[in-house]
Amino acid sequence: MTLIDGKATAASIKKEIAAEVEQIVSRGGKRPHLAAILVGHDGGSETYVKNKVLACEECGFTSTLLRFEDDITEEFLLKQVEKLNNDPDVDGFIVQLPLPKHISEQKVTMAIDYRKDVDGFHPINVGRMAIGLPCYISATPLGITDLLARYNIETKGKKCVILGRSNIVGKPMAQLMMQKRTPGDCTVTVLHSHSQNIKEECRQADIIIAAMGVPNFVTADMVKPGAVIIDVGTTRVPDSSRKSGFRLNGDVKFDEVADKCSFITPVPGGVGPMTICSLMKNTLLAGKKAIYE
Ligand code: GUN
């Protein structure tokens, strides 16, 4: 079994990005600039955004963090989005989700100029990805395809089971794995909370991508010997032995599945670090105006 080291892979990609940025700047080009809007004080979001800002520093990007309290109005937030859309210095930006309940995430996502949508959440980017056009691809699926490529994992003609159908992981992951390219060319099955025969479907899979947010859902009896296991789960479970009071738990029962598979991503240290790294890749593309304009 090979442990897929997302932390090391992300670190080397960030070094590659930093080298390219210095080259751009030394030739008189512009340093890429990522802005992030964070509304409220959700613990998970605070950590994600902090790590995004740190990753910007590692890559040599300029970053701007705009923080607002969770009682702001939707109208006010839409105005902030508009300001960033029109700010020529900002190459790309994100609005960290989830947003407070009184604000429509859909409205806000759609208000972001798709040319600056480095999260790849805008319907134009989602649609372009579905038909194989250049676009910003959402960070987690992009990070997973990078891991498959960097570990030379064969995907062509393989049966790939995706557990979960979220807009930011399951659905785009399915699109990417079925596309006519490498990694891709898979026969894809998407399973979700209303699917039947989940165990049987998983047992036939050459590649399982688990993204349903149910800790330890994938057990050894669901895994074909030699399968590739990608664990996207990051559920916080209480753990009094940790300073933070919690630990991150994947969707895969790692200890029993690891012995049976050919490749596996750990949690933490697998897909997680790749997600932020993919946002950095998209920001570099935005800085270079490589996709739009
Ligand atoms: N919340 C959880 N994941 C993400 C992400 O990738 N982008 C944004 N904007 N919010 C998130």
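Let me sum up the structure you'll find in this document. (Residues numbered from 1 in each chain as written. Predicted model: local features only at pLDDT ≥ 70, side-chain atom pairs only at ≥ 80, totals over all residues. Heavy atoms only, no water.)

**Let's talk about the pattern of salt bridges**
Applying the stated criterion across every chain, the model contains 17 salt bridges. The closest approach of N and O atoms between Lys-224 and Asp-206, which form a salt bridge, is 2.8 Å. Linking Lys-224 in the loop between strand E7 (207–210) and strand E8 (228–231) with Asp-206 in the loop between helix H8 (198–203) and E7, this pair joins segments that are 18 residues apart in sequence. Take Lys-224: its relative accessible area is 29%, and that puts it in the partly exposed class. Classification of Asp-206 by relative accessible area gives partly exposed; the value is 21%. Each of the salt bridges in this network shares a partner with another, and the network as a whole consists of Lys-30, Asp-91 and Lys-289. (Salt bridge = Lys/Arg side-chain N within 4 Å of Asp/Glu carboxyl O. Helix = DSSP H or I, 4+ residues; strand = E, 2+ residues; numbered from the N terminus. Buried < 20%, exposed > 50% of the residue type's maximum accessible area, 1.4 Å probe, protein only.)

**Concerning the site of the ligand**
Around the ligand sit Lys-52, Val-95, Gln-96, Leu-97, Asp-119 and Phe-121, and that is every residue in its neighbourhood. Note that a nitrogen atom of the ligand is positioned 2.9 Å from one of the backbone N or O atoms of Val-95. The side chain of Gln-96 places a nitrogen or oxygen atom 3.3 Å from a nitrogen atom of the ligand. Against a free-state accessible area of 280 Å², the protein chains account for coverage of 81% of the ligand. (Near = heavy atom within 4 Å. Polar contact = N/O pair within 3.5 Å; in protein donor to acceptor, adjacent residues only side chain to side chain. Areas by Shrake-Rupley, 256 points an atom, 1.4 Å probe, with all protein chains shown as cover.)

**Comments concerning the pairing of E7**
Residues Ile-207 and Ile-209 line one face of E7 and the alternating positions Ile-208 and Ala-210 line the opposite face, and both faces are buried. Bridge count between strand E5 (residues 159–163) and E7: 4 bridges; the pairing is parallel. In the strand pairing of E7, Leu-163 is matched with Ala-210. Of the strand pairs in this sheet, E7 and E8 are connected by 4 bridges, and their pairing is parallel. Within E8, the position partnered with Ile-207 by the bridge is Val-228. (Pairing = 2+ DSSP bridges.)

**Quick look at the environment of Asp-185**
In this structure, Asp-185 sits in the loop between helix H7 (170–178) and strand E6 (187–191). Between the C-alpha atom of Asp-185 and that of Thr-155, which follows or precedes it by 30 residues, the distance is 6.5 Å.

**Focus on the nonpolar core**
Ile-209, Ile-230 and Met-280 are the most contacted members of the largest nonpolar core, which has 47 residues in total. Per-element tally for this core: the top contributor is helix H10 (residues 271–287), with 8 residues. Setting aside residues up to four positions removed in sequence, Ile-209 forms contacts with Ile-144, Cys-160, Val-161, Ile-162, Leu-163, Met-173, Met-177, Ile-230 and Val-232. By size, the runner-up hydrophobic cluster in this structure holds 17 residues, among which are Cys-202, Ala-205, Val-218 and Ile-264. (Core = buried A, V, L, I, M, F, W, Y, C linked by side-chain atoms within 4.5 Å. Contact = heavy atoms within 4.5 Å.)

**Here's the deal with the state of the cysteines**
What the rule picks out here adds up to 0 disulfides. For Cys-160, which is in no disulfide, the shortest distance to another cysteine sulfur is to Cys-186 and amounts to 4.9 Å. Unpaired in terms of disulfides, Cys-202 finds its nearest cysteine sulfur in Cys-160, a separation of 10 Å. Accessibility expressed as a relative area gives 0% for Cys-202, which makes it buried. (Disulfide = S-S within 2.5 Å.)

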